[in-house]
Amino acid sequence: MNRLGKKANETLIEMALSADGEECNGPETISTAGSEIPSSSEIDKRHQSKDSIFFRDGVRRIDFVLSYVDDLNKEWEKKLERRKEFESNLQKAGLELETEDKKESEDGKIFFVKIHAPWEVLITYAEVLNIKVPIRENDIPPMVENPLDCVLFPLRLPEKVMHPEPDYFTAPFSKDKQELYLINDESTFFSPSMRNRIVNYILTRCPYGTEEGKKKFGIKRLLNNGTYTAAYPLHDCQYWKKASDPNCDSERYTLYMEWARFLRFYKEQPLVLIRKYYGEKIGIYFAWLGFYTEMLFLAAVVGLICFLYGLFTMDENMSSKEICDPAIGGEIIMCPLCDRDCEYWRLNTTCESSQYSHLFDNVATLFFAIFMGIWVTLFLEFWKRRQARLKYEWDLVDFEEEQQQLQLRPEYEAKCTQKKKNPVTQEMEPYIPLTSQAVRFCISGATVLFWVSLIIASMIAVIVYRLAVYAAFASLMENTQTLQPISGVLTPQLATSVTASCLNFVIIMILNFFYERIAIWITDMEIPRTHMEYENRLTMKMFLFQFVNYYSSCFYVAFFKGKFVGYPGAYTYMFNRWRNEECDPAGCLIELTTQLTIVMAGKQIWGNIQEAIVPWICNWWGRRKARNNPENLYSRWEQDHDLQTFGALGLFYEYLEMVIQFGFITLFVASFPLAPLLALMNNILEIRVDSWKLTTQYRRPVAAKAHSIGVWQEILNGMAILSVVTNAFIVAFTSDMIPRLVYYYAYFENEHSPMSGYINNSLSVFLISDFPEENKPKENPENFVICRYRDYRYPPDHEKKYMHTMQFWHILAAKLAFIIIMEHVVFIVKFFVAWMIPDVPADVKAKIKREKYLTQKILHEYELEKLKERLCQGDTRATEKEFMATEGRMELSRAM
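A brief look at the structure comes next. (Residues numbered from 1 in each chain as written. Predicted model: local features only at pLDDT ≥ 70, side-chain atom pairs only at ≥ 80, totals over all residues. Heavy atoms only, no water.)

Description of the sheet that holds strand β2 (residues 96-100)
So, point 1. Strand order across the open sheet formed by four strands is β2-β3-β1-β8, with antiparallel pairing between neighbours. The sheet is open, and its two edges are formed by β2 and β8 (230-232), each paired on a single side. Across the sheet, the axes of successive neighbouring strands diverge by a mean angle of 20°, strand direction being ignored.
So, point 2. Here strand β1 (residues 64-69) pairs with β8 via three bridges, running antiparallel. Bridge pairing links L66 to A231 in β8.
So, point 3. With respect to the sheet, helix α8 (residues 192-203) is in contact with β1 and β3 (110-116), its orientation differing from that of β1 by roughly 45°. (Pairing = 2+ DSSP bridges. Helix = DSSP H or I, 4+ residues; strand = E, 2+ residues; numbered from the N terminus. Axes fitted to C-alpha atoms, helices over the stretch in contact; angles between N-to-C directions. Contact = heavy atoms within 4.5 Å.)

Topic: the nonpolar core
So, point 1. Counting 136 residues, the largest nonpolar core has W288, Y292, W375, F379, Y551 and F664 as its most contacted members.
So, point 2. Counting residues per element, this core draws most heavily on helix α12 (residues 280-312), at 16 residues.
So, point 3. Dropping the residues within four chain positions of it, Y292 is found in contact with W375, F379, M658, Q661, F662, I665 and N683.
So, point 4. Formed by 46 residues, the second largest nonpolar core is a distinct cluster that contains L97, W119, A171 and L854. (Core = buried A, V, L, I, M, F, W, Y, C linked by side-chain atoms within 4.5 Å. Buried < 20%, exposed > 50% of the residue type's maximum accessible area, 1.4 Å probe, protein only.)

Side note on the pattern of salt bridges
So, point 1. A full pass over the atoms with the stated rule returns 30 salt bridges.
So, point 2. Across the salt bridge formed by D57 and R60, the nearest N and O atoms sit 2.6 Å from each other. Each of the two residues, D57 as well as R60, counts as buried.
So, point 3. A salt bridge links R740 to D361, with the shortest nitrogen-to-oxygen separation between them at 4.0 Å. Linking R740 in helix α26 (residues 737-747) with D361 in the loop between α14 (351-357) and α15 (363-393), this pair joins segments that are 379 residues apart in sequence. Neither R740 nor D361 differs from the other in exposure class; each is buried.
So, point 4. Several salt bridges share partner residues, and in doing so they unite R56, E98, E100 and K114 into one network. (Salt bridge = Lys/Arg side-chain N within 4 Å of Asp/Glu carboxyl O.)

Some thoughts on the state of the cysteines
So, point 1. As enumerated under the stated definition, the model contains three disulfides in all.
So, point 2. C324 shares a disulfide with C351; S-S distance 1.9 Å. An S-S torsion of about 100° defines the bridge between C324 and C351 as right-handed. In this pair, C324 sits in helix α13 (residues 318-324) while C351 sits in helix α14, placing the two residues 27 residues apart along the sequence.
So, point 3. For C351, a relative accessible area of 17% translates into the label buried. (Disulfide = S-S within 2.5 Å.)

Observations concerning the side chain of Q661
So, point 1. Tracing the backbone through its elements, the reader meets Q661 in helix α23 (residues 650-667).
So, point 2. Judged by relative accessible area, which is 3%, Q661 ranks as buried.
So, point 3. In this view, Q661 contacts Y292, L296, M600, Q604, A679, N682 and N683; residues no more than four positions away in its chain are not counted.

Structure below.
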């Protein structure tokens, strides 16, 4: 069975080490004698479709494609030499290559090198990568049917799509036990995603020479220095029609028809097929996104009910009634909104904005904040259970961040010139000295700190804009007759908030654009040891930046705006120039809602434009010539070459986008109950946009394994805990709920209508003659004597003139008490719910134990049979004691 002799039994690293002294004089020719590969004369006679995914012989499958342009510049000879040595070493590793001349390409410029991994290479590296393969069909009875299945039937996909192949018991592949596995056909035993994983593993570690005294290897370096222009596995067919070759499964077509079209938005996702085609890492992302979207449905329904409660009780809100009443709000004269240029104004001019603020600032807000604190716990706990079920179904139970994740990164091996002995393996391996690591971390930390400071500086600039423009809006709206009809809705506070939010969103997008590149650069500079370290470090840097970038403006409006204003005659100024902003008389919550809506909705719209429209335009532009040619001249590898690249960080950005959205719907949800509904609608679109672009606009990604969503799980847990604190503070300090409750129970003036008189009670009195000249308005045409402002201070005729009243301290104490009580209640419920819900379902635990037992039994029986054969053949090494020990191990396994 071994056609490649000794080389087939060596891994690439072993082969490379043994071949260090050999010269490479160009690609070797793979002998096809005695194999099933047709001769060249037979190949020439055979007509083959250009859309094929096979070599010219129609037998060997194309597992990977490399492309390059033979440009005659000063680097031409060096690139040619690299390619020759690299391809020669690939052939020494057992891979088979076939080159398509540039004359065959659509533009006449690009060479394509097609790579095929023969059986010997696949079984060698399947063992290295610990790939699990079928040993027997699963005989564990399926789950009991859900009684709601008949109701959910319209949401289901056909069984052949949901489960395209039977379920098997699996075991790690071993070349010495090939008879144990269900190998019906060597050409299809390893799925295309497994094959491209194996080939990619070889490509990333294959050497191509020595430059500047250092050994160079890996396709990534060759792509970076322009030796090759692209490296990618092939899609199995065109997405809009099935492949003409009966040997092709046309899984891409199935995914497009059943999953990637928006008209299928109400259908479940074919996760098994996604995992089979794209690998576990992408499969687990779509499983998480789908589960998150399902859980959002409950939060969206409850949030909508809370919003409708505010809508239906709007006319019953006593505060807005008093503000709108000409006899009350119309008679209350408010102090100017800015110094000198602004005039006195009547409270009833904010009538409509106070009515709208009741939509979000009502009793339901408190209920929804508590509900979301519990919902986020249910979401995280039920996801753990869902993830545990997927780990069992996808053979990831024993997966401990696979070798592909834990092994050294090629970049790390290439850049580390020093070596030391590993205390565990006792082998020499590269390492970075501690002093070098310290310097790199200092530079990295300083860079991150600089960019976070830049965000804070930009936020301060936006605040200065708000303060400067606020006075201009206040003066403009009071003195411009054409704006009078909309002045009730578009108050100076709201106009400032809307324009500042839009400006803030633009700044966020600009900073994001630059920081993404900086974060990748400093993470590369740190030279992380493994792939997992690289992803985790980049994730933490990006999330820290995005957290500050997206949420800083919301934190400002929620917890700082209107809290440090001072009072007329003694206002607080930023940089001794701009007077701090005041909240609307109805509260700051409506402004936080505006800020949240603009940033959240703007980010989602911009994200979908980037994800869908930009790749589509790029692909259309790249294919504009090829569309004019006959289809039979536009090969499968050229079609995929013209698609966009789904890079190693493709999923990283998808997770980051969703986690930032998760922060919006949890950290500030008390101010905007409709946030989960917006997120739900976005995610329904997001699933189809992501699936559409992955299936139609991007090259096929290299399959990779993952048993969880990784470090994102810990980030979500941290945000869930922080959300309880932020929502408690929003209800206490941003909304008017606590001051209303204190008035209702302790300071009411009318027993029959306890809330009547609240507006008058919440506004303090200021004597206009006490205004300093620099603050006093230029005009007072109606000769007002007093004006009102939002605070709890003694009147000018009191002995404690303009000092805080006892009611202010009562309200502050009530706010602090509410925060402590709410946090403790929600945390106790959260931890109790988390304790009550096991991370792994009981039936999954039983199935895991059953599968382990049956798998061990099958392996032991196989070993016993092999031992019997050896005894029958008279193998003196197979002693009777060894036979008894093997039988005893089987008995022990059964007992356990």
